[in-house]
Amino acid sequence: SRGLGDVYKRQVLMATEPAAWERLRGAFRDHRVYKRYRALVEGEVDWPGGVLKMRLPLRVARHKPALVRVATPEESARGRSREIQQTVRCLEVLSGASLLELEPRTGFLHQIRASLAHLGHPVIGDVRYGATEGRAGARRHLLHAAEARLDEVAGLAPDPGDFTSALERLRAETAGG
């Protein structure tokens, strides 16, 4: 029998025909697509139970290059924001960093990056949202789309090499090596 990993390796969440594209577009709009991300962030997360359910109003603060921030109550009242929803789990606390898993219910420009920065835990390598440049050898922001699923269609991606290398560096620092 094949494991889920075998199934995920063979399928990708994309459309090649108009009807399939409309179905996927509708599923994303209706929040029926399951998405899971992994992120290495600055700081040691200490949320109760290691899980945080977030609802937060965001708005685009700048277009080119894009920058998103938390909206003020006044901006939200005037309809100038969009509420995001996501679950954030701390998988591992490291020395000065944490490995997180995120399941966004909504999809908004830079949603994960902006919300984590707002919490004081910018994604490692994400200098646009306040991260320290070069932490753990990062040359980019260490946010990875690990899984997307809709009904029988699914895609799973292992952590990229630079993400894994940074995680190994942080684990070595934590162990005192």
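The structure we're discussing is the one just above.
Since we're looking at a predicted model, the values are computed, not measured.

## Quick look at the nonpolar core
Inference 1: Ranked by internal contacts, the top residues of the largest apolar core, which has 20 residues, are Val41, Val88, Leu100, Leu102 and Leu116.
Inference 2: Every element with two or more residues in this core is listed here: strand 1 (34-42), strand 2 (51-62), strand 4 (82-94), strand 5 (97-104) and helix 4 (111-118).
Inference 3: Residues contacting Leu102, with those up to four places away along its chain left out, are Lys35, Arg36, Tyr37, Ala39, Gln86, Thr87, Val88, Ile112 and Leu116.

## Looking at the environment of Ala39
Inference 1: Here Ala39 is to be found in strand 1.
Inference 2: Along the chain, Ala39 and Asp159 lie 120 residues apart, while their C-alpha atoms are 9.9 Å from each other.

## Here's the deal with the pairing of strand 7 (residues 153-156)
Inference 1: Both strand 6 (residues 143-150) and strand 7 contribute to a ladder of four bridges, which runs antiparallel. From the neighbouring strand, Leu150 faces strand 7, where its bridge partner is Val153.

## Brief notes about helix 2 (residues 18-29)
Inference 1: With twelve residues, helix 2 ought to run about 16 Å at 1.5 Å a step, and its terminal C-alpha atoms sit 16 Å apart, in line with that.
Inference 2: Three or more residues of helix 2 are buried, namely Leu24, Gly26 and Ala27. Buried positions in helix 2, seen along its axis, are confined to an arc of 160 degrees and lie on one side of it. Exposed side chains of helix 2 directed beyond 90 degrees from the buried face belong to Pro18 and Arg29.
Inference 3: Turning to helix 2, the residues buried within the fold contact strand 6.

Cut-off values and rules
Residues numbered from 1 in each chain as written. Predicted model: local features only at pLDDT ≥ 70, side-chain atom pairs only at ≥ 80, totals over all residues. Heavy atoms only, no water. Core = buried A, V, L, I, M, F, W, Y, C linked by side-chain atoms within 4.5 Å. Buried < 20%, exposed > 50% of the residue type's maximum accessible area, 1.4 Å probe, protein only. Helix = DSSP H or I, 4+ residues; strand = E, 2+ residues; numbered from the N terminus. Contact = heavy atoms within 4.5 Å. Pairing = 2+ DSSP bridges. Expected span 1.5 Å × (residues − 1). Arc of directions from axis to C-beta.

None of this, on its own, says anything about what the molecule does.
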